[in-house]
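# Structural features, examined
Residue strings, one per chain:
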Amino acid sequence: MTAHLDGEIRGGRHHMQVRVYYEDTDFSGIVYHANYLRYMERGRTNHLRLMGAEQQVLFEQTETEGAGFAFVVRSMHLDFLKPARMDDVLDVVTWPIAVKGASIMLAQEVRRGHDVLVKAEVRVAFISGGRAQPIPKSIRTLMKADLIS
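The subject of this paragraph is the side chain of Arg-111. Residue position: Arg-111 is located in strand β5 (residues 103-112). Side-chain polar atoms of Arg-111 contact the side chain of Glu-109, separated by 2.7 Å. What Arg-111 contacts, discounting residues up to four positions off in sequence, is Arg-13, His-15, Val-89, Leu-90, Asp-91, Val-93, Val-116 and Leu-117.

The following block contains the structure:
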């Protein structure tokens, strides 16, 4: 029943809409830069969920077998191109560009219509017991199935 909240996968890319509220803006009336990070985090989480890899469920499963796991942001490169303003409806687009042993490189864009407002490359690492670990084959397979050339 929450599919509309989680967005959708179209053409190998996850799309999730976000409306800009007053609380998202700074004193000048544009979206405060840190809020784009929140939008993109939601996009990455919902992308995993729709791919069949809900982080909470996977964490609970691995916790019963030993130390739990987490995906953590290892690095992020952002380009802020244009501002968003209150009441804008934004499209947060996420797609994998590389899946390696213990990390996944994702591309993300925050768009308003056809305008790209923010571009990001995000490297997330898979950790368990406080150390980087190989990504489980099931998750690696899911992400590689969605790779876009």
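Right, let's talk about the environment of Val-124 for a bit. Mapped onto the elements, Val-124 comes out in strand β6 (residues 115-128). Overall, the relative accessible area of 8% leaves Val-124 in the buried class. When the C-alpha atoms of Val-124 and Ser-103 are compared, they prove to be 5.5 Å apart, with 21 residues separating the residues in sequence. Contact partners of Val-124, with chain neighbours within four places excluded, come to Arg-44, Phe-71, Val-72, Val-73, Arg-74, Ala-102, Ser-103, Ile-104 and Leu-106.

Right, let's get into the pattern of salt bridges. Scanning the entire structure with this criterion turns up 6 salt bridges. Two residues, Glu-41 and Arg-44, come together in a salt bridge whose shortest N-O distance is 2.5 Å. Remark: Arg-44 and Glu-41 occur in helix α2 (residues 33-50); sequence separation between them is 3 residues, near one turn of the helix. With its nearest N and O atoms 2.9 Å apart, the salt bridge here joins Asp-88 to Arg-112. Taken together, the residues Asp-88 in the loop between β3 (69-80) and β4 (89-99) and Arg-112 in strand β5 connect sequence positions 24 residues apart. Of the residues examined, Asp-88 reaches a relative accessible area of 16% and is grouped as buried. Residue class for Arg-112 comes out partly exposed when judged on its relative accessible area of 25%.

Moving on: the nonpolar core. Judged by nonpolar contacts, the single largest core of 26 residues is most densely connected at Tyr-36, Tyr-39, Phe-71 and Ile-104. Elements with a contribution of two residues or more to this core: β2 (13-19), α2, β3, β4, β5, β6 and α4 (137-145). Apart from the residues within four sequence positions on either side, Ile-104 is in contact with Phe-71, Ala-98, Val-99, Val-122, Arg-123, Val-124, Ile-135 and Met-143.

Nonpolar side chains collect at one region of the surface, where Leu-37, Val-73 and Met-76 lie side by side and expose about 210 Å² of accessible area between them. Looking at the element boundaries, Val-73 is found in strand β3. Since its relative accessible area comes to 42%, Val-73 is described here as partly exposed.

With that out of the way, let us pick up the packing of aromatic side chains. Using the criterion set out here, one finds 3 aromatic pairs in the structure. Ring centres 6.0 Å apart and planes at 85° place the aromatic pair Tyr-36 and Tyr-39 in the edge-to-face group. Taken as a pair, Tyr-36 and Tyr-39 lie in helix α2 at a separation of 3 residues, close to a single helical turn. Comparing Tyr-36 with Tyr-39 shows no difference in burial state: the two are buried. By the ring-pair criterion, three or more aromatic residues cluster together here, those being Tyr-36, Tyr-39 and Phe-80. Here the guanidinium or amino end of Arg-13 rests over the ring plane of Trp-95, the centre of that ring lying 3.7 Å away.

Moving on, we get to the pairing of β5. With 8 of 10 residues buried, β5 is to be regarded as a mostly interior element. Here β4 runs beside β5; their pairing, made up of 8 bridges, is antiparallel. Looking at β5, one finds that Thr-94 is bridged to Gln-108. Relative to β6, β5 is paired through 10 bridges, and the arrangement is antiparallel. Within the sheet, the bridge partner assigned to Gln-108 lies in β6 and is Ala-120. Between β5 and β6, which pair antiparallel one after the other, the connecting turn spans 2 residues, and Gly-113 there sits at a positive phi close to 65°.

Thresholds, definitions, all that
Residues numbered from 1 in each chain as written. Predicted model: local features only at pLDDT ≥ 70, side-chain atom pairs only at ≥ 80, totals over all residues. Heavy atoms only, no water. Helix = DSSP H or I, 4+ residues; strand = E, 2+ residues; numbered from the N terminus. Polar contact = N/O pair within 3.5 Å; in protein donor to acceptor, adjacent residues only side chain to side chain. Contact = heavy atoms within 4.5 Å. Buried < 20%, exposed > 50% of the residue type's maximum accessible area, 1.4 Å probe, protein only. Salt bridge = Lys/Arg side-chain N within 4 Å of Asp/Glu carboxyl O. Core = buried A, V, L, I, M, F, W, Y, C linked by side-chain atoms within 4.5 Å. Patch = residues over 30% accessible without salt bridge, like charges linked within 9 Å, V, L, I, M, F, W, Y side chains within 5 Å. Areas by Shrake-Rupley, 256 points an atom, 1.4 Å probe, with all protein chains shown as cover. Phe/Tyr/Trp six-rings, centres within 6.5 Å; stacked < 30°, edge-to-face > 60°. Lys NZ or Arg CZ within 6 Å of the ring centre and 35° of its normal. Pairing = 2+ DSSP bridges.

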